[in-house]
Amino acid sequence: MSILTFRVVRFALAALLALAGALVAPATAAPDTAPAPPTTVQVGESPDGIALAPDGRHVYVVVTETGRLAVIDTSTRTVVGGFGVSKDAGDVAITPDGRHAYVTDDTTFSVNGAVNVYSTSTGKRTDTIGVGEVPVSIAITPDGRHAYVADTWSGSVAVIDTVTGTRTDEIKLGRNPVDLAISPDGRRVYVAGFGDPGSVSVIDTATGKVVGRYDIDNLPTGLAVTPDGRHLYVTDRFGTVQVVDATTGKVIGSPIAVGEGPAAVVVSADGRRAYVVNQLSNGVSVIDTGTNAVVDTVPTGPGPSSIVLTRDGHHAFVTLYYSDSVQVLDF
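All of the points below concern the structure found in this document.

Rules of the game
Residues numbered from 1 in each chain as written. Predicted model: local features only at pLDDT ≥ 70, side-chain atom pairs only at ≥ 80, totals over all residues. Heavy atoms only, no water. Helix = DSSP H or I, 4+ residues; strand = E, 2+ residues; numbered from the N terminus. Buried < 20%, exposed > 50% of the residue type's maximum accessible area, 1.4 Å probe, protein only. Contact = heavy atoms within 4.5 Å. Polar contact = N/O pair within 3.5 Å; in protein donor to acceptor, adjacent residues only side chain to side chain. Pairing = 2+ DSSP bridges. Axes fitted to C-alpha atoms, helices over the stretch in contact; angles between N-to-C directions.

Structural notes on the overall build of the protein
Working step 1: A tally of helices and strands in the protein yields 1 helix and 28 strands.
Working step 2: Looking at the 331 residues of the protein, the share that counts as buried comes to 57%.
Working step 3: When contacts within the protein are restricted to residue pairs at least 6 apart in sequence, those whose partners lie at least 24 apart make up 41%.

As structure tokens, then:
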């Protein structure tokens, strides 16, 4: 998630987003066939952050104004559960064992940002950990031992020890971090910084030190790392995606033009496609990572915000902030 998601600027962007264009329901199946899974799932008011469970069977959706973490079955595409969270919740990450959900809470933009921890089996809050100001993005290391939180207004990244439930570090970056991603081997955290110039900072997870900072044009808003750890796909405020060599920090080729207001990106498990959420043009751009060209643009309902992919890469779940729903895209 990034600073340009609706959780952070939902009022400012409201006038810019198309409020029309209701989604068309899927056609009714023939009587002798099973009903087709729905393509939109109503979850409540203003859904934003989303995460896929490690087993791929469920997605967890932060429903901000409803104050709920909704649980969707990925097979039936229906809400099968959920539990209450703060109405200031924003992003969510699930531990690798699937037992806990870590949910950011910006506490109405005060200096007292927090991460609330919930049991996914009982829905009960098991811990609250203080972090920096306006936490907007969270990711958990592959071994499940640490969570990293981008604290935008603090200009820092909080480090949480998930075993002890304590914040062990607050790494200062000097630029507003708006999104982060962890390398597949867990050795690096890449942080998109929204500034002039923009940047991608590199944190060594073993030392907690910033070991690199790459200047990026056009105000970065989000990023994703490829499964092989070699490349970063970085969205920016001006409608492009830049591909960055994760080792050298060099931008590869020319920026890739996508839709308006790209602010979230995810790469498929096989590394062949990158999917970009375009908030202001209501669509998802599909990039072939072999050619770094857009090969498709799939329309969505109003206010696409965040995205996750199923393991096989054939389905994407996209939160629609202004439709109070999650849209399922089939590829």
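Details of the environment of Arg-68
Working step 1: Structurally, Arg-68 can be placed in strand 4 (residues 68–73).
Working step 2: For the pair Arg-68 and Ala-89, spaced 21 residues apart in the sequence, the C-alpha separation amounts to 8.7 Å.
Working step 3: From its side chain, Arg-68 meets the backbone oxygen of Gly-82 in a polar contact 3.1 Å long.

Some points on the sheet that holds strand 17 (residues 209–216)
Working step 1: A sheet is described by the order of its strands in space; here 4 strands give the open sequence 14-15-16-17, paired in antiparallel fashion. In this open sheet, the two edge strands, each paired with only one partner strand, are strand 14 (176–182) and strand 17. Going across the sheet, the axis of each strand differs from the next one's by a mean of 25°, ignoring polarity.
Working step 2: Judged from the 6 bridges that link them, strand 14 and strand 15 (residues 188–194) form a sheet pairing that is antiparallel. Following the sheet pairing, Ile-182 is matched in strand 15 by Val-189.

Some points on the side chain of Thr-95
Working step 1: Tracing the backbone shows Thr-95 in the loop between strand 6 (89–94) and strand 7 (100–105).
Working step 2: Reaching out from Thr-95, the side chain makes a polar contact with the side chain of Asp-97 at a distance of 2.7 Å.
Working step 3: Setting aside residues no more than four positions away along its own chain, Thr-95 makes contact with Pro-54, His-100, Tyr-102 and Ile-140.

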